[in-house]
Amino acid sequence: MAGLLAEYEAIVGPDVIDQLRQLARILDGMNVVHVNSTKEGGGVAEILHRLIPLKKELGINAKWEVITGNKEFYQCTKLMHNALQGNRADISEEMLRNYEETVKENYEGLQRHLEDADIVIIHDPQPAALIASCPVRKGKWIWRCHIDVSHPYRQVWKYLRYFVSQYDASIWSLSEFAQPLPHPLYLIAPSIDPLSKKNIDVSSDDLEKVCMKYGLDPARPIITQVSRFDRFKDPVGVIHSYRLAKEFHPIQLVLAGGGASDDPEGEEVLAQVRFAADGDPDIHVLMLPSDDHLTINALQRVSDIVLQKSTREGFGLTVTEAMWKGKPVIGGDTGGIRLQVINHHTGFLVNTPEGAALRIRYLLKRREKLQKMGEKAHRFVLENFLITRHLREYLTLMVAVMFKRQDRIETQ
Ligand code: UDP
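Please read these numbers as outputs of a predicted model, since none were measured by experiment.

A.B. asks: What's the story with the overall build of the chain in this structure? I'm lost.
C.D. replies: Assigned secondary structure in the chain consists of 15 helices and 12 strands. For 412 residues, the compact-globule formula gives about 22 Å, and the C-alpha radius of gyration of the chain, at 21 Å, lands near that figure. Dimensions along the principal axes, computed over C-alpha positions, put the chain at roughly 65 × 55 × 35 Å. Every one of the 412 residues in the chain was classed for burial, and the buried ones make up 57%. Across the chain, every contact between residues at least 6 apart in sequence was considered, and the portion connecting residues at least 24 apart equals 73%. In the structure as shown, the chain presents an accessible area of about 17,600 Å², 50% of it carried by carbon and sulfur atoms. Treating the 51 positive side-chain charges of the chain as one cloud and the 54 negative ones as another, the clouds have centres 4 Å apart.

Encoded structure:
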């Protein structure tokens, strides 16, 4: 059958696609609304851009809405984000009132869509309080948490928990993140889309062009980290690792990042990165537009090794993207990176810049090992982290929340 989904058959096989169609038949015509806080930049937007058209093709009336706010609102939600990932953050009453007011104003704009929906999926803390504006709900409301909340700063989690506990269910990327809540909790790992511009094959001509454009020498090893300029991604630690490994190999480092409209700290972290790079011509700090997927794709492909040295990570799509391209990933031993980087198999887990430098040296010296790890990494993503699996789990969850009182559901 023609259409977007048919294109995935070549990658995942016809059974996977048949199963999606069977599940979707039960949900035919259902209204589903996803809400987050940015259209561009970061993993959530990346996933929603791909998931919504696929749900639509499956006959689900899926929509994606974005809440907006002023500078103070994003400062507050970034503090919440940092606090949920473990930082102590004392958020003033005034900031919290502004947060609640902003979300309430957003609700008024979205009211029609949210009230009509059979299922509402709210992503992350920014729009979490929307539920408080909608006391009488027709549909099921689900909170989808994408961040590493394994050790949240209690005071902030307690505040958010008041909103989150009003949802009918919540979704988490890892069991370690799940918090006690009075509703069913589901585990769904994120995914990448192998057919997106970020992940499709790139011709060798185009790879060469990207190297030329950014002054990269393809004859010398390239180490890359792609990330928003966020402290939890530890870009300064990456520079430290590069310097330690550079004493042994003539490496080049690419730190490719860009802004997300809901992340107010990027500029500050970028300035720290530039300061740490100290004009080294082999450190390439690239600020790319958030829709420059082909460049990110090419940079990941021309790299010998990809780093994701985060100190907290909800999942780390950049890890999945690199592994899909057959690159071993040296990643921080934390959160969702642990789900993907199987130490010594698909890459290495590290805790310090020194550890990352040792692993860079190890792999650059053993090219055969590097190649084999990259192949395993690709297979691991194929089997676990493609969008078709993600979609299947979403559909199953939707069936579960919509028909939970039925003990038998016919799919044919
Ligand atoms: N990304 C991008 N341009 C950038 C930085 C990141 O397109 O300059 C993409 C990256 O390829 C990945 C997503 O943004 O698809 C980041 O997702 P991840 O889960 O790694 O981290 P998050 O930003 O959600 O914390």
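Picking up where we left off.
A.B. asks: Any chance you could explain helix α11 (residues 317-324) here in plain terms?
C.D. replies: An α-helix turns once per 3.6 residues; consequently, residues spaced three or four apart project the same way. In terms of residue burial, α11 counts as a mostly covered element, since 8 of its 8 residues are buried. All buried positions along α11 are accounted for by Leu-317, Thr-318, Val-319, Thr-320, Glu-321, Ala-322, Met-323 and Trp-324. Just beyond α11, the residue with positive phi is Gly-326, at close to 75°.

A.B. asks: I keep staring at the environment of Pro-250 and nothing clicks. Help me out?
C.D. replies: Within the secondary structure, Pro-250 sits in the loop between α8 (235-246) and β8 (252-257). Spatially, the C-alpha atoms of Pro-250 and Ile-222 are 9.1 Å apart, while their sequence positions differ by 28 residues. Apart from residues no more than four positions distant in its own chain, Pro-250 is found in contact with Arg-220 and Pro-221.

A.B. asks: Quick question: what am I supposed to make of the pairing of strand β4 (residues 140-144) here?
C.D. replies: Along any regular strand, the residues point their side chains to alternate faces of the sheet. In terms of burial, β4 is a largely internal element, 4 of the 5 residues being buried. Note that strand β3 (residues 119-123) and β4 share 5 bridges and pair parallel. Bridging from a neighbouring strand, Ile-122 pairs with Trp-143 of β4. In this structure, β4 lies alongside strand β5 (residues 169-172), joined through 3 bridges in parallel fashion. Considered in β5, the bridge of Arg-144 is made with Ile-171. Chirality of the crossover, the property in question, places the unit of β4, helix α6 (residues 154-164) and β5 among those that are right-handed.

A.B. asks: Any chance you could explain the site of the ligand here in plain terms?
C.D. replies: Around the ligand there are 16 residues in total, and Gly-43, Arg-228, Lys-233, Gly-257 and Glu-321 lie nearest to it. Within the side chain of Arg-228, an N or O atom sits 2.7 Å from an oxygen atom of the ligand. Coverage of the ligand by the protein amounts to 90% of the 540 Å² it exposes when considered alone. Of all the elements in the fold, those that place two or more residues in the shell around the ligand are α3 (43-57) and α11.

A.B. asks: Help me out: how do you make sense of the packing of helix α5 (residues 93-116) against α6 in this one?
C.D. replies: Angle between the axes and distance between the axes are the two parameters that describe a pair of packed helices. Relative orientation of the contacting elements α5 and α6 amounts to 20°, with a least axis distance of 13 Å. Between α5 and α6, the angle is such that the two are roughly parallel. As α5 packs across α6, the resulting crossing turns out to be right-handed. Of the residues in α6, those in contact with Leu-96, Arg-97, Tyr-99 and Glu-100 of α5 are Tyr-159, Leu-160 and Phe-163. Partitioned by chemical class, the residues of the contact of α5 with α6 number 5 nonpolar, no polar and 2 charged.

A.B. asks: Help me out: how do you make sense of the packing of aromatic side chains in this one?
C.D. replies: In this description, an aromatic ring pair is defined by two values, namely the gap between the centres and the angle between the planes. Throughout the structure, instances matching the rule amount to 12 aromatic pairs. A centroid spacing of 6.3 Å and a plane angle of 35° characterise the contact between Trp-143 and Trp-157, whose relative ring orientation is tilted. Within this pair, whereas Trp-143 is found in strand β4, its partner Trp-157 is found in helix α6, the two being separated by 14 residues in sequence. One exposure class covers both Trp-143 and Trp-157, and it is buried. Above the ring of Tyr-394, the side-chain terminus of Lys-55 is found at 4.2 Å from the ring centroid.

A.B. asks: Just checking my understanding: could you explain the sheet that holds β8 for this structure?
C.D. replies: To summarise the sheet geometry, strands pair through backbone hydrogen bonds and adopt either a parallel or an antiparallel arrangement. An order of β9-β8-β7-β10-β11-β12 is seen for the 6 strands of this open sheet, with the pairing classed as parallel. Two strands bound the open sheet, and with one partner strand each, they are β9 (283-287) and β12 (347-350). The average angle at which neighbouring strand axes cross in this sheet is 20°, direction not considered. Alignment of strand β7 (residues 222-226) against β8, held across 5 bridges, turns out to be parallel. If you follow Ile-223 over to β8, its bridge partner there is Leu-253.

About the criteria used
- Residues numbered from 1 in each chain as written.
- Predicted model: local features only at pLDDT ≥ 70, side-chain atom pairs only at ≥ 80, totals over all residues.
- Heavy atoms only, no water.
- Helix = DSSP H or I, 4+ residues; strand = E, 2+ residues; numbered from the N terminus.
- Rg over C-alpha atoms; globule rule 2.2 N^0.38 Å.
- Buried < 20%, exposed > 50% of the residue type's maximum accessible area, 1.4 Å probe, protein only.
- Contact = heavy atoms within 4.5 Å.
- Areas by Shrake-Rupley, 256 points an atom, 1.4 Å probe, with all protein chains shown as cover.
- Lys, Arg positive; Asp, Glu negative; His and termini not counted.
- Charge placed at Lys NZ, Arg CZ, Asp CG, Glu CD.
- Pairing = 2+ DSSP bridges.
- Right-handed = clockwise from strand over helix to strand, strands pointing away.
- Near = heavy atom within 4 Å.
- Polar contact = N/O pair within 3.5 Å; in protein donor to acceptor, adjacent residues only side chain to side chain.
- Axes fitted to C-alpha atoms, helices over the stretch in contact; angles between N-to-C directions.
- Parallel < 35°, antiparallel > 145°, perpendicular 65-115°, else oblique.
- Left-handed = near helix turned anticlockwise from the far one by under 90°.
- Nonpolar A, V, L, I, M, F, W, Y, C, P; charged D, E, K, R; others polar.
- Phe/Tyr/Trp six-rings, centres within 6.5 Å; stacked < 30°, edge-to-face > 60°.
- Lys NZ or Arg CZ within 6 Å of the ring centre and 35° of its normal.

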